[in-house]
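The lines below spell out each chain.
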Amino acid sequence: MPRVLRLALILAGALGALVSFGAARDVAITLSAKTVVPKAIPLGSFSEWIPNPEAHQEAMKAQQAAMLAAIESMATPRLFILMALSTVTTFMVIAAIRLRWSPEVPRTAMARLLGGASIAAAILRTIDGAQELVINRNGAEASGQALIAAQIADAEVQANMAVTVISGISIVWTAAIVGVLVILGQYFRSPRMAELIDRS
């Protein structure tokens, strides 16, 4: 098997497993959102360096509460998207493993299945990423409002910066994963892939 094909299969299998695990974890979080009680993370020794640590702990609780409320408000469509995403990415893993280690399977058809699953995963992960963005923004905004209410110095600046940074990270992370999934989907459905399979 050509080296480039092996690397593409390893990437597809690893990314599929990563996204599938993340979707399964988020399913568990969504199902338990109604019963989770927001808790502040102990600051430990960091409390000596943070002005008004009690206010920051309350801000963390407000952030968790807002995120849980956002998850609960979109629970049904989010569960549907997450379960579909987990299923599709599991197909990616299975197809990648069979292409790599099962020479008896129809490889061209399996490669097209892997490509189609990658494209479907990209679409579902885009929707999942949009939902995550809403959840994270709500949490960051609630945390900022709690700091402003506690009259922390520069709280408004911190709040705006937190929303911007968290939103940016969420968008970049989603774009990176979706971009790789789309590239893999196009690659495994391309004539070049058929040529590599024929030579392997």
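A quick note: this is a predicted structure, and the numbers were derived from the prediction, not measured.

Draft legend 1. Spotlight on the overall build of the protein chain. Broken down by element type, the protein chain carries six helices and zero strands. For the protein chain, the succession of helices and strands along the chain, N to C, is α-α-α-α-α-α. Against the 2.2 N^0.38 benchmark of 16 Å for 200 residues, the protein chain shows a C-alpha radius of gyration of 21 Å, more extended than a compact globule. The principal-axis extents of the C-alpha atoms in the protein chain amount to approximately 70 × 30 × 25 Å. Looking at the protein chain as a whole, 40% of its 200 residues are labelled buried. Considering only intrachain contacts with a sequence separation of at least 6, the fraction spanning at least 24 residues in the protein chain is 80%. For the protein chain, the exposed area adds up to about 11,000 Å²; of that, 67% sits on carbon and sulfur atoms. The positive charge centre, built from 16 side chains, and the negative charge centre, built from 13, are 16 Å apart in the protein chain.

Draft legend 2. Just the nonpolar core, in detail. Leu-9, Met-92, Leu-114, Leu-181 and Phe-188 are the most contacted members of the largest nonpolar core, which has 32 residues in total. Among the elements of the structure, helix H1 (3–31), helix H3 (75–101), helix H4 (107–149), helix H5 (155–188) and helix H6 (191–199) are those that each provide at least two residues to this core. With residues near it in sequence (within four places) discarded, Met-92 still touches Ala-12, Gly-16, Leu-114, Ala-117, Ser-118, Ala-121 and Leu-181. Of all hydrophobic cores here, the second largest spans six residues; its members include Ala-33, Ile-71, Met-74 and Ile-135.

Draft legend 3. Broad picture of the packing of aromatic side chains. One pass over the structure, following the stated rule, counts one aromatic pair. Between Tyr-187 and Phe-188, the aromatic rings sit 5.6 Å apart at their centres with planes inclined by 70°, giving edge-to-face as the arrangement.

Draft legend 4. Molecular detail of the layout of surface pockets. The computed volume of the largest pocket comes to approximately 290 Å³. Taken together, 13 residues make up the lining of the largest pocket; nearest its centre are Ile-29, Met-67, Leu-68, Ile-71 and Ile-135. Those elements that place two or more of their residues in the lining of the largest pocket are H1, helix H2 (53–73) and H4. A per-element tally of the lining of the largest pocket places H2 first, with four residues. Here the lining of the largest pocket is composed, by residue class, of six nonpolar, four polar and three charged. The calculated volume of the second largest pocket comes to roughly 190 Å³. For the lining of the second largest pocket, the element with the highest residue contribution is H1, accounting for seven residues. Of the residues contributing to the lining of the second largest pocket, the split by class is seven nonpolar, one polar and five charged.

Reading guide: rules and limits
Residues numbered from 1 in each chain as written. Predicted model: local features only at pLDDT ≥ 70, side-chain atom pairs only at ≥ 80, totals over all residues. Heavy atoms only, no water. Helix = DSSP H or I, 4+ residues; strand = E, 2+ residues; numbered from the N terminus. Rg over C-alpha atoms; globule rule 2.2 N^0.38 Å. Buried < 20%, exposed > 50% of the residue type's maximum accessible area, 1.4 Å probe, protein only. Contact = heavy atoms within 4.5 Å. Areas by Shrake-Rupley, 256 points an atom, 1.4 Å probe, with all protein chains shown as cover. Lys, Arg positive; Asp, Glu negative; His and termini not counted. Charge placed at Lys NZ, Arg CZ, Asp CG, Glu CD. Core = buried A, V, L, I, M, F, W, Y, C linked by side-chain atoms within 4.5 Å. Phe/Tyr/Trp six-rings, centres within 6.5 Å; stacked < 30°, edge-to-face > 60°. 1 Å grid on protein atoms, 1.4 Å probe; cavity = no way out; pocket = protein on both sides within 12 Å on 5 of 7 lines; lining within 4 Å. Points joined across faces, edges and corners; volume = space filled by probe spheres on them. Nonpolar A, V, L, I, M, F, W, Y, C, P; charged D, E, K, R; others polar.

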